[in-house]
Number of protein chains: 2
Amino acid sequence: MSKRIAVLVSGGGTNLQALLDAQARGALGGGEITAVVSSTPGAYALDRAKAAGIPGRYTLSRKDYSSSQLYTKAMVQLLRECAAPDLVVMAGFLVILTREMVDAFPNAILNVHPALIPSFCGKGAYGLHVHEQALAYGVKLTGATVHFVTEEPDGGPIVLQKAVEVREGDTPEVLQRRVMEEAEWNILPQAVALFCENRLSVEGRLVHISGGAT
Amino acid sequence: MSKRIAVLVSGGGTNLQALLDAQARGALGGGEITAVVSSTPGAYALDRAKAAGIPGRYTLSRKDYSSSQLYTKAMVQLLRECAAPDLVVMAGFLVILTREMVDAFPNAILNVHPALIPSFCGKGAYGLHVHEQALAYGVKLTGATVHFVTEEPDGGPIVLQKAVEVREGDTPEVLQRRVMEEAEWNILPQAVALFCENRLSVEGRLVHISGGAT
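Residue indices begin from 1 for each chain and proceed along its sequence in written order. Chain A is the first chain written and ligand 1 is the first ligand written, with later ones labelled in order. Only residues with pLDDT of 70 or above have their local features reported here, since the model is predicted, and side-chain atom pairs are shown and tallied only from 80 upward, although totals for entire chains, interfaces and linings are computed over all residues. To get the side-chain values, all heavy atoms of the structure are used, and hydrogens and water are removed first.

Here's the deal with the overall build of chain A
At step 1: The helix and strand inventory of chain A stands at six helices and nine strands.
At step 2: Over its C-alpha atoms, taken along the principal directions, chain A stretches across nearly 50 × 45 × 35 Å.
At step 3: Here chain A, with 214 residues, has 53% of them falling under the buried criterion.
At step 4: For chain A, long-range pairs separated by at least 24 residues make up 63% of all intrachain contacts whose partners lie at least 6 apart in sequence.
At step 5: For chain A, the accessible surface area stands at approximately 9300 Å², while carbon and sulfur atoms represent 51% of it.
At step 6: Counting 19 positive and 21 negative side-chain charges, chain A places the averaged centre of each group 3 Å from the other. Put simply, DSSP marks the helices as runs of H or I at least four residues long and the strands as runs of E at least two long, and each gets a number from the N terminus on. To sort residues, take the accessible area from a 1.4 Å probe on protein chains only and compare it with the maximum for the residue type: under 20% means buried, over 50% means exposed, and anything in between is partly exposed. Residue contacts are counted whenever heavy atoms from the two residues lie within 4.5 Å of one another. The method behind every accessible area is Shrake-Rupley, applied with a 1.4 Å probe, and residues are considered shielded solely by the protein chains displayed. When charges are counted, Lys and Arg contribute as positive and Asp and Glu as negative, whereas His and the chain ends are disregarded. Charged groups are reduced to one reference atom each: NZ for lysine, CZ for arginine, CG for aspartic acid, CD for glutamic acid.

Structure, rendered in structure tokens:
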């Protein structure tokens, strides 16, 4: 039976689009995106979901909740009642969720981080800041990582990583875009497909991929 | 005028061999390896140097010195008096040198580290331990980094990096060998060539490469 996928977004939804495109061309391991939840009212990601005919489109605004924990509980309830997902994908979702989320969907939440973890991750390493950190450090390679979400920020078991070149004169914005185009939009759908094909197994910090990554 | 290169080694000297091979095929930017210094008596690297006709072959045994500082002073003296290098390359050199070395050859010492710095570097991250750490963390990509040596262990400005895939079932030994073959033997000669062609300039933590990396 095909897996039900819920995608959490906060903004423009380019990673969501990569997932929608993969599904359209049959490259999501048979998985079906049934719900998109935005933390931002009016996020363009919701328009993308509508254009792709995704039935469940929800806004759960962070501003309507007084704490991360209350927001997380509402998110878990929304997902359970309206989406019943087999897999939750955080695709540029910029709100911090608490442990109730991980408890509700153990080893069933994927996140994409725009660096080669353990480099440039953890507290303060989100959005453009990640690329600012990489450029300030002077690395010549960066990239993206898809990992299972655990309680430790950016610390969960790693599914896939892809390297991207840093070039002379890069700004954080230019590097961010290159990491998206060359890494995130590639490995996020690939990791979701592997999950939907039941090819991922987690053993401690290690993710085993049956049949290899390709 | 061609640059004089001194290479510091501790063991088998496979990275030295990569440099010798590059020089033989004219791919070292006109640089010439004039001296090889081993911290270990009888290291096979010295045989490689002899076979390649390198005139200066020295052993400076760490055991003959009571402190890192005294050893470093002897190393600086040996290099200055017998080799007068424009560039010092640490190629699998496992002895810690003190700041006198950096002061003697500022922005003129290159080291190769078998990971994508800032991942898996610093204290305790040397030799096989680096690969043990990478496998324990569960990364799917690792690699190698060539950087200028500063006082901070593995913390100097980065010249080149290359990524290498981690595969299911890898042992530290298997991964170490793959990182050598696919990354170290490639980017170390390349970085040395860039230095010898005067194409590297250091600005704070950043290494600018005139004309790009290739």
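With respect to the interface of chain A and chain B
It is common to report an interface's size as the accessible area lost on association of the parts.
At step 1: Contact with chain A, which involves 25 residues of that partner, is made by 25 residues of chain B.
At step 2: The junction of chain A with chain B conceals about 2000 Å² of combined surface from both sides, 53% of it contributed by carbon and sulfur atoms.
At step 3: Put simply, buried area is how much 1.4 Å-probe accessible surface two parts lose in total, over both of them, once they are put together. If you sort the residues of chain A by the area they bury against chain B, A:P118, A:Y137 and A:K140 come out on top, with a joint share of 31%.
At step 4: In what follows, salt bridge is the name for a side-chain nitrogen of Lys or Arg lying within 4 Å of a carboxyl oxygen of Asp or Glu. Inspection of the chain A/chain B interface yields zero salt bridges.
At step 5: Here a polar contact is recorded for every N or O atom pair within 3.5 Å, except that within protein the pair must consist of a potential hydrogen donor and a potential acceptor, and residues adjacent in sequence are included only if both atoms are side-chain atoms. There are 11 residue pairs in polar contact (both at pLDDT 80 or more) connecting chain A and chain B.
At step 6: Within the residue set of the side of chain A that touches chain B, elements represented by two or more residues are α5 (128-137), β7 (158-165) and β9 (206-209) of chain A.

Examining the sheet that holds strand β2 (residues 32-38) of chain A
Residue and element names in this part refer to chain A.
At step 1: Pairing between two strands is assigned when DSSP locates at least 2 bridges connecting them. What the seven strands build is an open sheet, ordered β3-β2-β1-β4-β5-β6-β7; its pairing is mixed. The sheet is open, and its two borders are formed by β3 (56-59) and β7, each paired with just one other strand. Averaged over all adjacent pairs, the angle separating strand axes in this sheet is 20 degrees, with direction ignored.
At step 2: Relative to β3, β2 is paired through four bridges, and the arrangement is parallel. The residue of β3 that forms the bridge with A35 is G56. A fitted line through C-alpha atoms serves as each axis, taken over the contacting stretch for helices, and the angle formed by two N-to-C directions is quoted from 0 to 180°.

What to know about the relation of the copies chain A and chain B
At step 1: Each copy is superposed on the other by least squares, with the fit set by C-alpha atoms of residues at a pLDDT of at least 70 in both. Turning chain A through 180 degrees and shifting it by 0.0 Å along the axis lays it on chain B, with an RMSD of 0.0 Å. Both copies are brought into coincidence by an operation consistent with a two-fold rotation axis. For chain A, the minimum C-alpha distance to the rotation axis belongs to A:S119 and amounts to 2.7 Å.
At step 2: Both copies share a contact surface, since 100% of the interface residues of chain A are interface residues in chain B too.

Section: the packing of aromatic side chains
At step 1: Whether two aromatic rings pair depends on their centres lying within 6.5 Å, for rings of Phe, Tyr and Trp, where Trp uses its six-membered ring; planes under 30 degrees apart make the pair stacked, over 60 edge-to-face, and the rest tilted. Under the defined criterion, the tally for this structure stands at six aromatic pairs over all chains.
At step 2: A ring pair is formed by B:F120 and B:Y137, whose centres lie 5.9 Å apart and whose planes are at 70 degrees; its orientation type is edge-to-face. Residue B:F120 is found in the loop between β5 (109-113) and α5 (128-137), and its partner B:Y137 is found in helix α5; the two are separated by 17 residues along the sequence. Of the two residues, B:F120 and B:Y137, neither departs from the other in class, the shared state being buried.
At step 3: Looking at B:R205, its charged tip hangs above the ring of A:Y137, at a distance of 4.1 Å from the centre. Two conditions define a charge sitting above a ring: the NZ of Lys or the CZ of Arg must be within 6 Å of the ring centre, and it must be within 35 degrees of the ring normal.

Thoughts on the side chain of A:T145
Residue and element names in this part refer to chain A.
At step 1: Note that T145 resides in strand β6 (residues 141-148).
At step 2: Assessed through its relative accessible area of 0%, T145 is described here as buried.
At step 3: For T145, the residues in contact, after removing those within four places along its chain, are N111, V112, H113, A115, L116, I117, I158, L160, Q161 and I187.

Notes on the pattern of salt bridges
Residue and element names in this part refer to chain A.
At step 1: Tallying each qualifying case throughout the model produces 14 salt bridges over all chains.
At step 2: A salt bridge links R167 to E165; the shortest N-O distance between them is 3.8 Å.
At step 3: Among the residues examined, R167 registers a relative accessible area of 41% and is labelled partly exposed.
At step 4: A relative accessible area of 41% means that E165 is categorised as partly exposed.
At step 5: For R167, the salt bridge goes to E182, with nearest N and O atoms at 3.9 Å. Taken together, the residues span a long stretch of sequence, with R167 in the loop between β7 and α6 (172-196) and E182 in helix α6 at a distance of 15 residues.
At step 6: Judged by its relative accessible area of 32%, E182 is partly exposed.
At step 7: Connected through shared salt-bridge partners, R99, D103 and E151 make up one network.

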